[in-house]
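# Understanding the architecture of this molecule
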Amino acid sequence: SRAEQGNETAIVEFIILSFQSVPAVQFMLFLMFLVTYISTMLGNLLIVVPVVTNQHLHKPMFFFLGNLSFLETCYTSAILPRLLASFLTNRYVISHNDYLLQHVFCSGLAGAECCLLATMSYDRYLTVCKPLHYAAIMGARCCLLMVSGSWLNGLLASAIVTSLMPQLTFCGPNEINNFFCDFVPVVKLSCSDTQWIELVEFILTSLFTLSLFLLALLSYAYIGNTVLRMPSSTGRYKAFSTCSSHLTGVTLFYGTLIVVYLVPQANTLRQLHKVFSVCCTALTPLVNPLIYSLRNNNIKEALR
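Residues numbered from 1 in each chain as written. Predicted model: local features only at pLDDT ≥ 70, side-chain atom pairs only at ≥ 80, totals over all residues. Heavy atoms only, no water.

## A look at helix 7 (residues 140–164)
Each full turn of the α-helix corresponds to 3.6 residues, which orients residues three or four apart in the same direction. Compared with an ideal rise of 1.5 Å per residue, which puts 25 residues at 36 Å, helix 7 spans 37 Å between its outermost C-alpha atoms and is within 8% of the ideal. Turning to helix 7, its buried residues are C143, V147, S150, W151, G154, A157, S158, V161 and T162. Residues of helix 7 that are buried make contact with helix 3 (60–77), helix 5 (96–129), helix 8 (183–187) and helix 9 (195–228). (Helix = DSSP H or I, 4+ residues; strand = E, 2+ residues; numbered from the N terminus. Expected span 1.5 Å × (residues − 1). Buried < 20%, exposed > 50% of the residue type's maximum accessible area, 1.4 Å probe, protein only. Contact = heavy atoms within 4.5 Å.)

In structure tokens form, the structure reads like this:
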């Protein structure tokens, strides 16, 4: 069948099915994603601006938080504006070149966030478990290198996968069963051999999700062990409250990525693919400011 499809005209654009299967709630979905996008942008900008302008927040922890918030604004802006425009115009077509552009940004920013969350977990580990060594280890140069490495690693991994995609031929169905140009549903439409690109994607995704998730869990395990040995019950409660909320955010982000990209696509999970994708692209950027920053007293004081 692939040989027969190879004789057909190559597809140069895709149709993003988005949420067309539920036409009765299109307006409600538009309002939901619009409110989500505006709230995400405002919430994250409320973190970025004080971190940049307030001298008291020029510390490693807030440097990481500011970069995470800026990354979230970029990640959300790479997906939701196009989705909102499709609701208004009823135009769900995207060219092959636009797909590659969106993919390199979306996957690159997701990879950068995976690295940055692991870096922040390590920062919390040093703060709680190695407080006397923290200042010597987490200097300005180290923080800059860790953040730069997170961005570069994510974008480099994305560029590697995206550079292989022009070799794929699309000559059959061109309907993407998602609301943005994700890797899995697009590669399944190809009528050429996708074995190598899927292998490369699986290896890189495993490195950026499973390994970094385990590193983050290990950091919080050490933190929990240290907190349990604190003599003050008030200190234990405060530390557990902060770390549990951070661990919730980390688990939500890594967990949804693992389900979407690493768990085999059974029939049930295939139907829930959009739900998990919404969690990655819309829910996580929305709640991260609440989890990591807006509950922080230093951030609250800077905002006031």
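## Digging into the pattern of salt bridges
Opposite charge on two side chains allows them to pair when their charged atoms are near. Evaluation of the coordinates by the stated rule reveals 2 salt bridges. The salt bridge partner of R124 is D123, with a shortest N-O separation of 3.1 Å. In terms of burial, R124 and D123 fall into one category: buried. Its salt-bridge partner being E301, residue R304 comes within 3.0 Å of it at the nearest N-O pair. (Salt bridge = Lys/Arg side-chain N within 4 Å of Asp/Glu carboxyl O.)

## A closer look at the UniProt feature "transmembrane region" (unreviewed entry) in the chain
Residues annotated by UniProt as "transmembrane region" (unreviewed entry) correspond here to residues 27–49, 61–80, 100–120, 202–223, 244–263 and 275–294. In the segment residues 27–49, helix accounts for 100% and strand for 0%; the C-alpha atoms at its two ends are 33 Å apart. Regarding residues 100–120, the helix share stands at 100% and the strand share at 0%, and the terminal C-alpha atoms are separated by 30 Å. (UniProt positions renumbered as here; feature names shortened; annotations may be inferred.)

## Details of the packing of aromatic side chains
Applying the stated criterion across every chain yields a total of 12 aromatic pairs. For the pair F30 and F87, a centre-to-centre distance of 6.4 Å together with 70 degrees between the ring planes defines the contact as edge-to-face. Here F87 lies in helix 4 (residues 80–89) and F30 lies in helix 2 (residues 26–53), a separation of 57 residues in the sequence. Here F30 falls in the buried class, since its relative accessible area comes to 15%. The exposure class assigned to F87 is buried, which follows from its relative accessible area of 9%. Chaining the aromatic ring pairs together yields one cluster made of F30, F33, F87, F179 and F180. (Phe/Tyr/Trp six-rings, centres within 6.5 Å; stacked < 30°, edge-to-face > 60°.)

## Some points on helix 12 (residues 273–293)
Given a rise of 1.5 Å per residue, 21 residues ought to cover 30 Å, and the 29 Å separating the end C-alpha atoms of helix 12 matches this to within 8%. L283 marks where helix 12 bends most, by close to 45 degrees; the proline P285 follows one to four residues later. Counting buried positions along helix 12 yields 15 of 21 residues, so the element is predominantly enclosed. (Bend = angle between axes of the 7 residues up to and from the residue.)

## Observations regarding the packing of helix 5 against helix 7
A packed helix pair is summarised by two numbers, namely the angle formed by the two axes and the spacing between the axes. Look at helix 5 against helix 7: their axes get within 7 Å of each other, and the N-to-C directions meet at 145 degrees. The crossing of helix 5 and helix 7 is right-handed. Note on element contacts: helix 7 touches helix 5 through M146, V147, S150, W151, N153, G154, L155, S158, A159, V161 and T162, opposite L100, H103, V104, S107, G108, L109, G111, A112, C115, L116, T119 and Y122. When the residues that make up the contact of helix 5 with helix 7 are grouped by side-chain class, the tally is 13 nonpolar, 10 polar and no charged. (Axes fitted to C-alpha atoms, helices over the stretch in contact; angles between N-to-C directions. Left-handed = near helix turned anticlockwise from the far one by under 90°. Nonpolar A, V, L, I, M, F, W, Y, C, P; charged D, E, K, R; others polar.)

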